[in-house]
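Close look at the chain arrangement
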Amino acid sequence: MEQLQNLIGGQLQGSTKDKWLDNIEPATGAVYGQIPRSDADDVELAVQAAAKAFPQWSNRSFEDRSECLRRWAKIVAQHAGELVRAESKDNGKPISLAEAVDIPRAQKNLEFFAGAIEHFASEAHIPADSSHIHYTHRKPIGIVGCISPWNLPLYLFTWKIAPAIAAGNCVIAKPSEITPVSAFMLSQWAEEAGIPAGVFNVVHGLGSEAGQAIVEHPQIKAISFTGGTSTGAHIARTTAPQFKKLSLELGGKNPAIIFEDCDFDKAVSTTLRSSFANQGQICLCSSRILIQDKLYDRFKNALVEKVKRMRIGDPADAATKMGAVVSQAHRDKILSSINNAKEAGGTILCGGDEAEAPNERCRNGFFVQPTIIEGLGPTCEINQEEVFGPVITLQSFRTEEEAIQLANDSQYGLAATIWTQDIAKAHRTAAAVESGIAWINCWLVRDLRTPFGGVKSSGVGREGGFEALRFFTEPQSVCLPTQA
Ligand code: NDP
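Residues numbered from 1 in each chain as written. Predicted model: local features only at pLDDT ≥ 70, side-chain atom pairs only at ≥ 80, totals over all residues. Heavy atoms only, no water.

What about the sheet that holds strand E23 (residues 473–481)?
Taken in spatial order, the three strands line up as E6-E7-E23 in an open sheet, and their pairing is antiparallel. On the outer flanks of this sheet lie strand E6 (124–125) and E23, each paired with one strand and no other. (Pairing = 2+ DSSP bridges. Helix = DSSP H or I, 4+ residues; strand = E, 2+ residues; numbered from the N terminus.)

Some details on unusual backbone geometry
Unlike most non-glycine residues, Phe388 shows phi in positive territory, near 60°. Relative to the elements of secondary structure, Phe388 occurs in the loop between helix H13 (381–384) and strand E17 (391–397). A relative accessible area of 16% places Phe388 in the buried class. In this structure, Asn441 takes a positive phi of about 55° despite not being glycine. (Buried < 20%, exposed > 50% of the residue type's maximum accessible area, 1.4 Å probe, protein only.)

So, the confidence of the model for the chain
Caution is warranted with low-pLDDT regions, since their predicted coordinates should not be read in detail. Looking at the chain as a whole, the pLDDT averages 98, with 100% of positions reaching at least 70. Across the chain, the secondary-structure element scoring lowest on mean pLDDT is strand E1 (residues 2–3), at 91, and the one scoring highest is strand E10 (residues 200–202), at 99. (pLDDT = per-residue confidence, 0-100.)

What to know about the packing of aromatic side chains
This structure, assessed with the given rule, holds 10 aromatic pairs. Both rings, one in Phe157 and one in Phe200, keep their centres 6.1 Å apart while their planes meet at 70°; by these two values the pair is edge-to-face. Within this pair, whereas Phe157 is found in helix H5 (residues 153–166), its partner Phe200 is found in strand E10, the two being separated by 43 residues in sequence. When its relative accessible area of 2% is taken as the criterion, Phe200 is described as buried. Pairwise contacts between aromatic rings join Phe112, Phe113, Trp159 and Phe452 into one cluster. Between the NZ or CZ atom of Arg105 and the centre of the ring of Trp159, over which it lies, the distance is 5.0 Å. Stacked on the ring of Phe471, the Lys or Arg Lys245 has its end atom at 5.4 Å from the ring centre. (Phe/Tyr/Trp six-rings, centres within 6.5 Å; stacked < 30°, edge-to-face > 60°. Lys NZ or Arg CZ within 6 Å of the ring centre and 35° of its normal.)

Here we look at a nonpolar patch on the surface
Residues Met1, Ile24 and Val31 make up a contiguous nonpolar surface patch of about 280 Å² in total accessible area. For Met1, the location among the structural elements is in the segment before E1. By relative accessible area, which is 67% here, Met1 ends up exposed. (Patch = residues over 30% accessible without salt bridge, like charges linked within 9 Å, V, L, I, M, F, W, Y side chains within 5 Å. Areas by Shrake-Rupley, 256 points an atom, 1.4 Å probe, with all protein chains shown as cover. Salt bridge = Lys/Arg side-chain N within 4 Å of Asp/Glu carboxyl O.)

Structural notes on the domain arrangement of the chain
As a measure of interface size, the accessible area lost when the parts come together is often cited. Domain boundaries assigned for the chain yield domain 1 (2–250 + 458–480) and domain 2 (254–447). Placing the centre of domain 1 and that of domain 2 at their C-alpha centroids yields a distance of 30 Å. Between domain 1 and domain 2, the contact holds 24 residues from the first and 29 residues from the second. Counting each side, the surface lost to burial between domain 1 and domain 2 is near 2100 Å², with a carbon and sulfur contribution of 57%. It is Ala27, Trp150 and Ser458 in domain 1 that bury the most area against domain 2; as a group they hold 24% of the surface buried on that side. Along the contact surface separating domain 1 from domain 2 lie one salt bridge. When the shortest N-O distance is used, the salt bridge between Arg361 and Glu25 registers 3.1 Å. Counting across the domain 1 and domain 2 interface gives 10 residue pairs in polar contact (both at pLDDT 80 or more). Secondary structure elements with two or more residues in the side of domain 1 that touches domain 2: strand E4 (20–25), helix H3 (80–91) and helix H4 (95–119). Here the side of domain 1 that touches domain 2 gets three residues from one element, more than from any other, and that element is H4. Residue composition of the side of domain 1 that touches domain 2, by class: 11 nonpolar, 10 polar and three charged. (Domains from an automatic or database assignment. Contact = heavy atoms within 4.5 Å. Buried area = accessible area lost by both parts, 1.4 Å probe. Polar contact = N/O pair within 3.5 Å; in protein donor to acceptor, adjacent residues only side chain to side chain. Nonpolar A, V, L, I, M, F, W, Y, C, P; charged D, E, K, R; others polar.)

A closer look at the layout of surface pockets
In this approach the atoms are scanned with a rolling probe the size of a water molecule, which exposes any empty space left behind. Computed from the structure, the largest pocket encloses a volume of approximately 950 Å³. Lining of the largest pocket is provided by 43 residues; of these, Pro149, Trp150, Gly227, Gly228 and Thr231 occupy positions nearest its centre. Broken down by secondary-structure element, the contributors of at least two residues to the lining of the largest pocket are H5, helix H8 (207–216), strand E11 (220–226), helix H9 (229–239) and helix H12 (328–343). Grouping the amino acids of the lining of the largest pocket by side-chain chemistry returns 18 nonpolar, 18 polar and seven charged. Three or more residues apiece are contributed to the lining of the largest pocket by two domains, here domain 1 (2–250 + 458–480) and domain 2 (254–447). Volume-wise, the second largest pocket comes out at about 340 Å³. Along the wall of the second largest pocket there are 14 residues; nearest its centre are Arg273, Ala277, Met310, Lys321 and Met322. Counting only elements with at least two residues in the lining of the second largest pocket, the list comes to H4 and helix H10 (264–276). Grouping the constituent residues of the lining of the second largest pocket by class yields eight nonpolar, two polar and four charged. Structurally, the lining of the second largest pocket is a two-domain feature, drawing no fewer than three residues from each of domain 1 (2–250 + 458–480) and domain 2 (254–447). (1 Å grid on protein atoms, 1.4 Å probe; cavity = no way out; pocket = protein on both sides within 12 Å on 5 of 7 lines; lining within 4 Å. Points joined across faces, edges and corners; volume = space filled by probe spheres on them.)

Re the pattern of salt bridges
Tallying each qualifying case throughout the model produces 23 salt bridges. The shortest N-O distance in the salt bridge between Glu209 and Arg37 comes to 2.6 Å. Here Glu209, found in helix H8, pairs with Arg37, found in the loop between strand E5 (30–36) and helix H1 (40–59); they are 172 residues apart in sequence, far enough to count as distant. When its relative accessible area of 25% is taken as the criterion, Glu209 is described as partly exposed. Its salt-bridge partner being Asp64, residue Arg60 comes within 3.0 Å of it at the nearest N-O pair. Of the residues examined, Arg60 reaches a relative accessible area of 29% and is grouped as partly exposed. A relative accessible area of 33% means that Asp64 is categorised as partly exposed. When salt bridges that share partners are traced, they join Lys17, Asp39 and Asp41 into one network.

What follows is the structure, given as structure tokens:
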């Protein structure tokens, strides 16, 4: 059974207390590896290594740092097949999805920030009399913590560590304990990429132990966290007295607004994808489908028919489009949300239960049927709380105003999709919807230069492009007289 290791100060090693956690394959329910159960002592070692590495790394030229990231990206590309299989096995996602999305994007994140740091410029301000130059010196922060979730493991892990390292920081990173393998693989290649010992440290373990120790450590000056809203609130409470810089990318309850004048076929097929991709376990997935009343029955029938045809498969099978959910605990949480919706009077249009295992190998795996629920109002739990699984609800609206009101009737504000062929209406709706991201007649189309993040309980701060480099640097205003 493979034992993963932490990367601390360039050394792959177990936890100081030699404690281990089991790693489970969601498709089979079987333990197939172990990870170090690290705690504050391991985080302390990582911080010491990072503190030692920081002076040199922060003084390396941006070309050098960029080159290291490019080499890392190349190594990821060379090992893409292995990473795809590992990500699928560790998370339960179809191998086709890991191949099309997760691993290419992880590679792209490393490449993108290798390029972005070459174009990241300081601003300067010169008054009319040219007496002074005021310039902004953006310095690396120092040691930063990067904590990522299980749904898009390497994709979100690299989205954080790449800008942090590019900007000249040293990183203490913790992948989710549920999906640790791809981050471990990446850590094995750091040295080959030329990343000096101590610049990139990975501490595996539980959120409440290793994660908490990262968040609490006084020498870690910034935390970039992606995960659930309640964990985000806990991290905000813990870090506030230390005045750490915080970027929080949290949960969502994303509306898809379907107007009667939409391109019907495209709206149905994209809503199918936006609802159920990665078994609904993407923070950007649509979960509240709001349909204009005149189109309601037609849209509902078309969507239900398509969902009924979806087949759950073994994630390792290349033809599978829908795999396992990430863990037994998560499966049970999804099923309990469905049951609560049933008890609240919701009508299950399809799904609504555990799914049969697709084959003998997967007989103890964690599978949930794609589920559509109607008949519940906006205040019901299922329309307010994030399920983060293959479960959506349908609600109808009459007017544009009502659509916006329903869309905004949520503590969350991450992403919205808007379906109409009237561009003015699309723009009005996007402007009125309280969300960090709005997609008009499309979904999950990303340009890595754009700001990414949510409003309300979906987070604080933005990642992506220069926003990420701004987050991982501390701006200092310097004023220089032009005459002696
Ligand atoms: P969690 O909040 O449970 O965990 C996220 C990460 O934080 C994990 O690495 C976890 O470790 C760690 N963690 C848990 N407790 C602490 C703590 N006290 N201190 C420090 N770290 C801690 O989220 P999930 O992993 O369950 O991910 C799903 C959530 O992520 C969903 O709510 C989803 O919406 C959100 N998400 C948001 C995105 C966005 O960009 N807005 C993108 C993707 C997901 P461990 O797993 O070991 O407990």
